[in-house]
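Topology and contacts: notes
Spelled out, the chains give:
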Amino acid sequence: MKNGGARRTGCAALAVAAALLWCGPALAQVTLGNGTTMVQDAFVSDPTGAIAAARKRVNGGDLDGAVKELVRYVSSHPKEIEPARYLADLYY
């Protein structure tokens, strides 16, 4: 049984990594009032909100929608651990 748990964790980690590579980061070009153009994250950092929204979709029976939403979020915030961990749970 010990190997099964490690194998599942490894598969989930690979699935998250593949999703991140496939989606890439979400960036948006923003022009400030003074005419300066900047590139920034398209999604505001809110890991708790991202997880809550995904859980709401799962509870409503929309697992695919929850996964797609979290893939987008995690790809634009790769350093946030909890949303990536929850995404791995949903893949499992």
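A few points on the structure. Keep in mind that what you see is a predicted model, and the values were worked out from it rather than measured. Counting from 1, residues in each chain are numbered in the order their sequence is written. Reporting of local features is limited, given that this is a predicted model, to residues whose pLDDT is at least 70; pairs of side-chain atoms are given and counted only at 80 or more, and all residues count toward the totals for whole chains, interfaces and linings. Side-chain figures throughout are based on the complete set of non-hydrogen atoms in the structure, without hydrogens or water.

1. Quick word on the pattern of salt bridges
Rules: Definition used for salt bridges: Asp or Glu carboxyl oxygen within 4 Å of a side-chain nitrogen of Lys or Arg. Under the scheme used here, helices are H or I runs from DSSP no shorter than 4 residues and strands are E runs no shorter than 2 residues, and both carry numbers assigned from the N terminus. Note on exposure labels: buried denotes an accessible area under 20% of the residue type's maximum, exposed denotes more than 50%, and partly exposed covers the range between, all computed with a 1.4 Å probe on protein chains only.
Tallied over the entire structure, the rule returns three salt bridges. A salt bridge links Arg 57 to Asp 62; the shortest N-O distance between them is 2.8 Å. The salt bridge involving Glu 82 is made with Arg 85; its shortest N-O contact spans 3.3 Å. Placement of the pair is Glu 82 and Arg 85 together in helix α4 (residues 81-91), with a separation of three residues, close to one helical turn. Relative accessible area serves as the criterion here: at 43%, Glu 82 is assigned to the partly exposed category. Within this structure, Arg 57, Asp 62 and Glu 69 form a network of salt bridges that share partners.

2. Points about the nonpolar core
The line we're drawing: Buried residues of nine kinds, namely Ala, Val, Leu, Ile, Met, Phe, Trp, Tyr and Cys, make up a nonpolar core once their side-chain atoms join them within 4.5 Å. Every residue pair with non-hydrogen atoms within 4.5 Å of one another is taken to be in contact.
Among the nonpolar cores identified, the biggest contains 13 residues, and Ala 54, Val 67, Leu 70, Tyr 86, Leu 87 and Leu 90 are the most heavily contacted of them. Sorting the residues of this core by element identifies α2 (47-59), α3 (63-76) and α4 as the ones contributing at least two each. When residues of this core are assigned to their parent elements, the largest contribution, six residues, is made by α3. Other than its neighbours up to four places away in sequence, Tyr 86 contacts Ile 51, Ala 54, Arg 55, Val 58 and Leu 70.

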